[in-house]
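Chains, contacts and geometry: an overview
Here is how the chains run, residue by residue.
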Amino acid sequence: VLRSTTLESYRIGQPQWRTILDIDALAKAEGKNWVWKGADCLAPDDRYCLVSLSDGGKDAVEVREFDMQTGQFLKGGFLLPEGKHRFAWVDADTLAVATEWTKGEVTTSGYPYVIKLLKRGQALADAREVFRGKPDDGGYGVSPIALRDADGKLQALIAHRPLDTFNAEHHLIGEGGATRLPLPLRSSIQGLLDGQMLLTLEETWAAQSGRSGDLMALDLAALKTDAANAKATLVLRPTDSQS
């Protein structure tokens, strides 16, 4: 079950639980073997969430929009049929989705490589393409990364394009198309803080004097204006006993 309680009742050791969603009851009612695969909630309120359900625990999931306050799936809300989806909220009425838009449009490993923007109430066939990888890309498929400020407002939409299990490109998606960011292939975007995009390195970044394991920061506005000349700042260089 997905359930919640108040912080106060949890602290005194007598939590008063409220069941939000009973997965077993849902499975029984729908004749499925639903396995919970997580919920991606829209910041900053975290009321509306994209719930991923797997029939039997497989990689492919069905995605439904869920209201955490009412404990109900939204009638007419976002719905992605079973597939190996990658998605992110753009705003309350828009999703960035990577999926098998056309039958067979997946990599040789069986993962999606096309990102489209899907509007609320829009048919999947009408979604607008904003990024495309290649069928021979490796790894686990293209996925959108949404960078938000403290108020939950989207500041950047980035396409993560794996070339293999360990190496990946990052592309900034804008109105005029997608621009590849000059980041090391072995690096991971961790989030956005005070206008700074945080990045961890899994390899040396000689151009920015970065070492494998470093936590770096880049000004997002500078990346948008002139990515090639954006300067990275070292936030933390771990010792031999840190990561």
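In case you missed it, the structure is sitting above this.
Each value, and the rule that gives it
- Residue numbers here run from 1 along each chain, matching the order of that chain's written sequence.
- The model is predicted, so local features are restricted to residues of pLDDT at least 70 and side-chain atom pairs to those at 80 or more, both for listing and for counting; the totals for chains, interfaces and linings are taken over all residues.
- For side-chain calculations, the full set of non-hydrogen atoms in the structure is used, while hydrogens and water are omitted.
- When DSSP finds two or more bridges between two strands, those strands count as paired.
- Every helix listed is a DSSP run of H or I at least four residues long, and every strand listed is a run of E at least two residues long, numbered separately from the N terminus.
- Lines fitted to C-alpha atoms define the axes, with helix axes restricted to the stretch in contact, and inter-axis angles between N-to-C directions lie between 0 and 180 degrees.
- The rule for a salt bridge is simple: a side-chain nitrogen of Lys or Arg has to be within 4 Å of a carboxyl oxygen of Asp or Glu.
- Think of it in three bands: with a 1.4 Å probe and only protein chains considered, a residue is buried below 20% of the maximum accessible area for its type, exposed above 50%, and partly exposed in between.

**Some points on the sheet that holds strand 19 (residues 232–236)**
- Taken in spatial order, the 4 strands of this open sheet run 16-17-18-19, and their pairing is antiparallel. The open sheet terminates on both sides in strands that have one partner only, identified here as strand 16 (187–193) and strand 19. Across the sheet, the mean angle from the axis of one strand to that of its neighbour is 30 degrees, orientation sign disregarded.
- Looking at chain direction, strand 16 and strand 17 (residues 196–201) are connected through 6 bridges and run antiparallel. Following the sheet pairing, Ser188 is matched in strand 17 by Thr200.

**Here we look at the pattern of salt bridges**
- Applying the stated criterion across every chain yields a total of 12 salt bridges.
- Residue Glu30 is joined to Arg64 by a salt bridge in which the shortest nitrogen-to-oxygen separation is 2.7 Å. In this pair, Glu30 sits in helix 2 (residues 23–30) while Arg64 sits in strand 5 (residues 61–67), placing the two residues 34 residues apart along the sequence.
- Residue class for Glu30 comes out partly exposed when judged on its relative accessible area of 34%.
- Given a relative accessible area of 12%, Arg64 falls into the buried group.
- When the shortest N-O distance is used, the salt bridge between Glu169 and Arg180 registers 3.5 Å. With Glu169 in strand 14 (residues 168–174) and Arg180 in strand 15 (residues 177–180), this pair connects stretches of sequence that are 11 residues apart.
- Sharing partners across several salt bridges, the network here consists of Asp137, Arg161, Glu169 and Arg180.

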